[in-house]
Amino acid sequence: MKSPFVDHVVLYLTSGKGGDGVVSWRREKFVDKGGPDGGDGGKGGSIIAKGNAQLWTLLDLKYRKFIKAEDGKNGESGKRKGKSGKNEILEVPLGTVIYDADTQETIGEILEDQQEIIIVEGGKGGLGNWHFRSSTNQTPDFAQKGQPAQEKKVILELKVLADVGLVGFPNAGKSTLLSVLTSAKPEIADYPFTTLVPNLGIVKYKDFQSFAIADIPGIIEGAHEGKGLGFQFLRHIERNAVLLFLIPANSDNPLKELQILKNELHQYNQALDFKASLVAISKCDLIGNQDIKKLKKLFPDAVFISAVTQQNIEELKDRLWQLLN
Ligand SMILES: Nc1nc2c(ncn2[C@@H]2O[C@H](COP(=O)(O)OP(=O)(O)OP(=O)(O)O)[C@@H](O)[C@H]2O)c(=O)[nH]1
Ligand SMILES: [Mg+2]
């Protein structure tokens with residue numbers, strides 16, 4: 001199945017060229033050549049990224065590989081300015097980072113609704129000949145050309161913005177936990193890779209506080225090399241302030257499971273080792289008290305939860321809140 005989630009696009013952008021200024025003369029009776037009245041060229045269109053909180057993927061841009069903004073029109077006689085070229089607005093989800101594909105430099109990052117970043121600026125229009133009139137030259141017969149268009153190859157990359165990122169094997173109960181902590185309604189099922197696209201939810205905490213939590217597709221051994229749904233989703237984790245590792249209580253080898261998860265993150269980006277994190281043992285309703293005791297020895301700092309019975313869900317919120325603040 002092909003996921004509709006697109007979090008990486010390469011675009012070839014061309015701004016509009018500036019319109020040329022023109023050489024023209026005022027028409028007057030009995031005068032062969034009136035004063036200069038050539039207008040300025042219009043500005044070329046720019047290509048601008050704009051934040052849209054309603055969008056969750058870069059899908060719309062995937063099919064627009066080559067984007068060109070309109071050129072500015074040339075100036076006209078009577079000092080009339082040429083029309084500016086229309087800007088091209090690329091609507092992107094919050095958390096979109098824009099890179100120059102050739103230099104790898106970051107051009108900017110869209111973090112707010114309606115925020116705008118000019119990616120390629122349209123060329124300035126040239127000045128018409130009337131600008132060049134002076135005491136020594138009353139009849140300048142030259143005008144300025146508009147600035148040329150600019151081309152840029154850019155990469156747009158989406159990183160989910162969430163305070164807490166849920167990290168776990170497929171089927172660990174990540175989506176179920178999200179549905180218990182927030183009003184999000186992700187798909188939940190008893191098979192791996194139910195979640196194909198990240199889900200975001202807001203956890204209400206105490207009276208008026210809240211934090212965002214992201215449920216991403218399950219991670220398996222080899223994810224950093226592209227196994228499973230691949231490392232495209234590890235990227236999202238980079239933007240989470242706190243990582244919540246979810247290990248099911250009925251796992252065959254819970255310690256190994258945590259170690260594999262941590263290793264995948266480490267292989268992907270070693271900086272992730274230093275991120276604040278918490279371990280939650282999920283599905284605790286599936287095992288008896290004896291087994292819980294054993295697990296507590298293995299994971300002394302973990303929170304033992306069950307999304308089904310809601311056991312320790314409040315404690316989990318408290319612990320996450322402490323880590324976030
Ligand atoms: N008994 C019990 N079952 C649970 C609990 N949490 C989740 N499950 C079950 O575990 C299965 C997987 O749950 P999901 O929430 O879809 O797991 P996931 O981690 O989101 O899985 P992927 O999206 O495939 O990565 C479902 O059948 C859930 O009903 C729990 O606390 N107790
Ligand atoms: Mg899921």
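All figures in this text were calculated on a predicted structure; none of them were measured in a lab.

## So, the coordination of the magnesium ion (ligand 2)
And then number 1: Those protein atoms acting as donors to the magnesium ion (ligand 2) are Ser175 (OG) and Thr195 (OG1), and they sit at 1.9 to 2.1 Å. Placement of the pair is serine 175 in helix H2 (residues 174-181) and threonine 195 in the loop between H2 and strand E10 (199-205), with a sequence separation of 20 residues. Like serine 175, the residue threonine 195 is buried in the burial classification.

## Observations regarding the nonpolar core
And then number 1: Among the nonpolar cores identified, the biggest contains 24 residues, and Val167, Ile219, Ile237, Phe245, Leu265, Val279 and Ile281 are the most heavily contacted of them.
And then number 2: At the level of elements, helix H3 (234-237), strand E12 (242-248), helix H4 (254-268), strand E13 (276-282) and helix H5 (289-298) are the ones that each hand at least two residues to this core.
And then number 3: For valine 279, the residues in contact, after removing those within four places along its chain, are Leu244, Phe245, Ile247, Leu258, Phe299, Ala302 and Val303.

## Focus: the packing of H2 against helix H6 (residues 313-324)
And then number 1: Axis separation between H2 and H6 bottoms out at 11 Å; the angle between their running directions is 90°. Relative to H6, the element H2 is oriented roughly perpendicular. Contacts from Leu177, Val180 and Leu181 in H2 reach Ile313, Leu316 and Lys317 in H6.
And then number 2: Taken together, the residues of the contact of H2 with H6 sort by class into 5 nonpolar, no polar and 1 charged.

## Considering the pattern of salt bridges
And then number 1: Taken as a whole and judged by the stated rule, the model has 10 salt bridges.
And then number 2: The salt bridge partner of aspartate 20 is lysine 17, with a shortest N-O separation of 3.3 Å.
And then number 3: Classification of aspartate 20 by relative accessible area gives buried; the value is 16%.
And then number 4: A cluster of three or more residues bridged by salt bridges with shared partners is formed by Lys17, Asp20 and Lys145.

## A closer look at the sheet that holds strand E1 (residues 8-14)
And then number 1: Taken in spatial order, the 5 strands of this open sheet run E3-E1-E8-E5-E6, and their pairing is mixed. A single partner strand is all that each edge strand has here, and the edge strands are strand E3 (66-68) and strand E6 (106-110). In this sheet, neighbouring strand axes are inclined to one another by 25° on average, regardless of whether the strands run parallel or antiparallel.
And then number 2: Direction of pairing for E1 relative to strand E8 (residues 151-158): antiparallel, over a ladder of 7 bridges. Residue pairing for E8: histidine 8 is matched across the bridge by glutamate 157.

## Concerning the site of ligand 1
And then number 1: By nearness alone, 23 residues border ligand 1, and Lys174, Thr176, Phe193, Thr195 and Asp285 come closest of all.
And then number 2: At a separation of 2.8 Å, an oxygen atom of ligand 1 approaches a polar backbone atom of alanine 307.
And then number 3: Starting from 650 Å² of accessible surface for ligand 1 in isolation, the protein chains cover 88%.
And then number 4: Taken together, the residues that form the shell around ligand 1 break down as 11 nonpolar, 8 polar and 4 charged.

## Structural notes on the sheet that holds strand E4 (residues 88-92)
Hydrogen bonds between backbone atoms are what pair the strands of a sheet, whose relative direction is either parallel or antiparallel.
And then number 1: Here 3 strands make up an open sheet; going across it, the order is E4-E2-E7 and the pairing mixed. Where the open sheet ends on each side, the last strands, each with one partner, are E4 and strand E7 (116-120). If you compare each strand with its neighbour and ignore which way they point, the axes differ by 30° on average.
And then number 2: Bridge analysis of strand E2 (residues 47-51) against E7 gives 4 bridges, and the strand direction is antiparallel. Paired with isoleucine 48 across the strands is isoleucine 118, a residue of E7.

## Quick word on the domain arrangement of the protein chain
And then number 1: Here the protein chain is partitioned into domain 1 (1-158) and domain 2 (164-324).
And then number 2: Here the C-alpha centroids of domain 1 and domain 2 sit 46 Å apart.

Rules used in this analysis
Residues numbered from 1 in each chain as written. Chains lettered and ligands numbered in written order. Predicted model: local features only at pLDDT ≥ 70, side-chain atom pairs only at ≥ 80, totals over all residues. Heavy atoms only, no water. Donors = N, O, S within 2.8 Å, 3.2 Å for Na, K, Ca; no water. Helix = DSSP H or I, 4+ residues; strand = E, 2+ residues; numbered from the N terminus. Buried < 20%, exposed > 50% of the residue type's maximum accessible area, 1.4 Å probe, protein only. Core = buried A, V, L, I, M, F, W, Y, C linked by side-chain atoms within 4.5 Å. Contact = heavy atoms within 4.5 Å. Axes fitted to C-alpha atoms, helices over the stretch in contact; angles between N-to-C directions. Parallel < 35°, antiparallel > 145°, perpendicular 65-115°, else oblique. Nonpolar A, V, L, I, M, F, W, Y, C, P; charged D, E, K, R; others polar. Salt bridge = Lys/Arg side-chain N within 4 Å of Asp/Glu carboxyl O. Pairing = 2+ DSSP bridges. Near = heavy atom within 4 Å. Polar contact = N/O pair within 3.5 Å; in protein donor to acceptor, adjacent residues only side chain to side chain. Areas by Shrake-Rupley, 256 points an atom, 1.4 Å probe, with all protein chains shown as cover. Domains from an automatic or database assignment.

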